[in-house]
Amino acid sequence: LAQAGRSVVVLESHTQLGGLTHTFARKKVRWGTGLHYTGWPTAYFNDFPILWEKLTRGNAPWVALPDEADYYVRSDGTSFLKRGGRDSFREDLLAEFPKERQAIDRYFDDMRRMLADYLRFMTLQAIPPVVERCGLGWWLGRRFLREDRVSVVEYMDRIGASERLREHLWFTWGNFGGIPSETSIGAYSVPMEFMMDGLKTIDHGSRTVAEAFAATITAHGGELRRGARVDRIVFRNGRAAGVQVGDETIRAKTVISGIGARETYGKLIPEESRPGHAARITAMRPSCSIFTLYLALKRTAFDRFGLHGVNYWVESEAGSMRTYWDDLSRTPGWFLLSLASRFQQHAATDLIPAEVFVGIPGEVFSKWQETRVMKRGEEYDTFKADLIGKVLQRVEQTWPGFASEVQFLEGASPATIQSYTGHLQGAAYGIAPVPGRYSDRKLRIETGVPGLLLTGQDVSAAGVIGAFYGGITAASCVLKRNAASRLLNS
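Residues numbered from 1 in each chain as written. Predicted model: local features only at pLDDT ≥ 70, side-chain atom pairs only at ≥ 80, totals over all residues. Heavy atoms only, no water.

**Q** Looking at this structure, how should I read the overall build of the protein chain?
**A** Of regular secondary structure, the protein chain possesses 15 helices and 18 strands. Taking the principal axes of its C-alpha atoms as reference, the protein chain extends roughly 65 × 55 × 40 Å. Taken over 490 residues, the protein chain has a buried fraction of 57%. In the protein chain, of all internal contacts separated by at least 6 residues, the share reaching a separation of at least 24 is 72%. For the protein chain, the computed accessible surface area is about 20600 Å², with 50% contributed by carbon and sulfur atoms. (Helix = DSSP H or I, 4+ residues; strand = E, 2+ residues; numbered from the N terminus. Buried < 20%, exposed > 50% of the residue type's maximum accessible area, 1.4 Å probe, protein only. Contact = heavy atoms within 4.5 Å. Areas by Shrake-Rupley, 256 points an atom, 1.4 Å probe, with all protein chains shown as cover.)

Below, the structure written as structure tokens:
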């Protein structure tokens, strides 16, 4: 929008710009808080890297992660390597499941087709509802919305995948925030297809993302403010006319909210100005949240345990990979050890960053949702310390001696995510990708409130690329033209 000559002001509630692309450092080691890796199709044309390059002006370059991307460590101690590049992944699956060639071939064909259906559907998110109701909506969205109503488990039944094969096809579900039985195959297909041709990360860490976008905005006369928490949207004559930030009212012709659909309708729009469908949006389920351990490891840990890949998805108990950690009296049934941050660590140091992630229901931390970071009280500190101990115990059971390689450890709970993003219950991916999520056509960029638009993951798909395309599509809505085409042709 700034490049197109619009007057833009970005309001960030945190002291750092960039939401979950921001980073933090301890003991000269730096970790990302949300953007660790992503990918995009390279087997056929995809416009993402071109759009990214134009909007960041080349100041947030991507680097390829090793092809040895995702290890699935089964509960019986054996493992499966999901290599980068769809041909390699397919070869590995066929070697593991030679009798299920038909199901495997159909899966790869379906993922590519569903992504194409999704990109066609995204056009609907930017056009006025009245145009959609005139028949264009049926034409653009019918295929993707049909898949949106089918769960991942139902899809696996449809293609005849064995129980063991389907575990290998969905073990990375943490990348999109919904367990297989509660996720639509349409929502699943978008991040899975985007990461099919290998993983990439931001060179020098995700903090360069916000710096690059900020430089582009300011170069075109825009403004960015940190520590600017929006209290509410200001209305005039029934139209969103700006926002209230503390004692200051900032007037605007168009307000674009990126904090999430539920949060926008439930927290920022005064009750008297909410449209009739607001209750439906605020009642939508949140995605899973994440309990995270940020670790600084000795270099010796990598050779000692043979940790040379990017991610290790460890299923400690049979079948647990399809569940959340909801019985907190026990150690988690599965966890993800991610080493993605180590590939951003260019400075010479004896310590290497790593993260351990566990999917967890955010409501467990509801009682602390209004508290502040580092000031949640003794009960919270004790509860979190107990969970940290249980997670580390599970990791230690997988790699005996692992704890002795940890030189620094810090935990982050769903309450932490909520403090920095505003997402209710610390939802890591906004609204849950449940079947029928996209079929509610009120969940779109145009809110039904004049002057107010949504952007980000909730109107697009999970992850940084989903949020990116949510932004592109919201810009299209403002400009009343295809913003991606405008950039590609500029």
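The rest of the description comes next.
**Q** Is there a simple way to explain the packing of aromatic side chains in this structure?
**A** Ring pairs (aromatic) are described by centroid distance and by the angle formed between their planes. Applying the stated criterion to the full structure yields 39 aromatic pairs. Centre to centre, the rings of W52 and F213 are 5.4 Å apart; their planes meet at 90 degrees, and the pair counts as edge-to-face. Of this pair, W52 sits in helix α1 (residues 48–56) while F213 sits in helix α8 (residues 207–219), and the two are 161 residues apart along the sequence. Take W52: its relative accessible area is 3%, and that puts it in the buried class. Considering the side-chain rings of F291 and W325, the 6.5 Å spacing of their centres and the 75 degrees angle between planes classify their relative orientation as edge-to-face. Of this pair, F291 sits in strand β13 (residues 289–298) while W325 sits in the loop between β14 (311–315) and β15 (334–338), and the two are 34 residues apart along the sequence. A relative accessible area of 1% means that F291 is categorised as buried. (Phe/Tyr/Trp six-rings, centres within 6.5 Å; stacked < 30°, edge-to-face > 60°.)

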